[in-house]
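Residue-level structure breakdown
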Amino acid sequence: MRVGYREACLDHQTGPRHPESPDRLRAIRRVLAECHNVEYVAGDPCDVEDVSGVHDDDYVEKLQAFCDAGGGNWDADTVAVEATWDAALSSAGLAEWAASAALDGADGRQTPFSIGRPPGHHAVEDDAMGFCFFNNAAVAAQCVIDAGDADRVAIFDWDVHHGNGTQDIFYDRADVLYASIHEEGLFPGTGHVEETGAGDGEGATLNVPFPPGAEDPEYLAAVDDLVRPAVEAHDPDLFLISAGFDAHEHDPISRMGVSTEGYGLLARAVRDVAADADAALAFVLEGGYGLDTLSQSIRTVHEVFDGYEPAPADGDTEDRAQEVIDEVRETFFDS
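Attention in this report is confined to the structure presented alongside it.

Definitions and cut-offs
- Residues numbered from 1 in each chain as written.
- Predicted model: local features only at pLDDT ≥ 70, side-chain atom pairs only at ≥ 80, totals over all residues.
- Heavy atoms only, no water.
- Axes fitted to C-alpha atoms, helices over the stretch in contact; angles between N-to-C directions.
- Helix = DSSP H or I, 4+ residues; strand = E, 2+ residues; numbered from the N terminus.
- Parallel < 35°, antiparallel > 145°, perpendicular 65-115°, else oblique.
- Left-handed = near helix turned anticlockwise from the far one by under 90°.
- Contact = heavy atoms within 4.5 Å.
- Nonpolar A, V, L, I, M, F, W, Y, C, P; charged D, E, K, R; others polar.
- Pairing = 2+ DSSP bridges.

1. Looking at the packing of helix α8 (residues 260-277) against helix α9 (residues 291-305)
Packed helices, taken two at a time, are described by the angle between their axes plus the distance between the axes. Viewed as axis vectors pointing N to C, α8 and α9 meet at an angle of 40 degrees, and their least axial separation amounts to 8 Å. Between α8 and α9, the interaxial angle falls into the category oblique. Helix-helix and strand crossings are classified by hand; for α8 and α9 the assignment is right-handed. Contact with α8, carried on its side by Thr260, Glu261, Tyr263, Gly264, Ala267, Arg268 and Arg271, involves Gln296, Ser297, Thr300, Val301, Val304 and Phe305 of α9 and no other residues of that element. A class-by-class count of the residues in the contact of α8 with α9 yields five nonpolar, five polar and three charged.

Dropping the structure here:
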C-alpha cells in the first residue's frame, strides 16, 4: 500500500496516560517496516480553506488561537498543545492525499492509506470532541467534490465508536453516503438505526449499532447485507474507509470481538465492494488504542492488498446481531 504519513503528526502530545498518543503511529511504522511493498508519501498539510469546507470559520479560528496560546484541555478527553494545529492540518491533508490518489488511479498494491493523527470522525462542524479536531474523512470527501474529481462519495466507518461528526456534517446531503458499524451505547451515544438522514440526505445515512461482543461473522454479514447494497445504490466515485481498529477483541477501550484476521477479511470485503461499484478506494486512520492490535491489524490490511488471503471467519451471525441487521434492512431499505 501507499501510506500517507507526516512527522508533524507525532508532535500532537496528549499526555502520558492518554490512549491517543504518538506511540500509535510509531507502532504502525515499526510493524510496516517488516513488510514488502510499503511506500510512504508525505503529502501536504491541508489548507485552512479546505478545512473550512466542512467546519465553521469561527471554530477554526478559535482552535488556532487555542493552540497558539499553548493549548490545554479542550474538553475532558480532547487535549491540544501548540503543535496540535500543524498536526491537525497535516492529518487532514493526508486524508486529502489518500482520496485524491485513489481517484487518480492508485489501487491494488498502491491503494492509499492515510495514518495521520489526531483522528477525525467525532469532530463536528463547530466543535472538537473525542480526541478529534478536524474531521479528516469529511474534509477529504468535500475537497474532491469541490475540485470536481468526484460527484458522489461513500464513507464507511468501521471504528468501534460512531462517527457522529461525519454523520452530522453530511446528514442532509445526498452526495455523501455515511455508513457505520459501531458498538451500541458506546461514546458518543449516537448512531441509532432510525438515523437515516434528513431532507435531501434522507436515505444517505446507514447505522449498524451492534451489541457488545460482535465478532468477525457479524461484521462481515453487515458489510455483505447492508453496506454493499447501500454503496452500490449510491454509486460513488470514491469509497472512503474511516478505518478505526478499536473493535479489535483485545483493544483496551471497547467490548467488541473483531480479530486481527477479521480486519483482513474486512479489507478484502471493502476492496470487492469498491471494485463492484467501480469506485476508487482509500483508507483514513481513526481509532485503535492497543499498540500491538492496531499495528498488526493494519499490517494485515496491507498484506491483503499485497496478495494475502485471510482465513475464512468461523461461526454464524449471533442472534442479537442478526436482529440488528434485520432491523436496519427494514428501516433503511424497506421503508
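2. Looking at the sheet that holds strand β9 (residues 238-243)
In spatial order, the strands read β2-β1-β5-β10-β9-β6-β7-β8; together these eight strands make up an open sheet with parallel pairing. On the outer flanks of this sheet lie β2 (39-41) and β8 (205-210), each paired with one strand and no other. Strand-to-strand, the axes of this sheet are offset by a mean angle of 20 degrees, without reference to chain direction. Bridge count for strand β1 (residues 2-4) against strand β5 (residues 112-114) is three bridges, and the pairing is parallel. For valine 3, the partnering residue across the bridge sits in β5 and is phenylalanine 113. The sheet contacts of helix α1 (residues 23-32) involve β1, β2 and β10 (280-285), and relative to β10 the element is tilted by about 125 degrees. Running over the sheet, α9 touches β5 and β10 and is turned about 170 degrees from β10.

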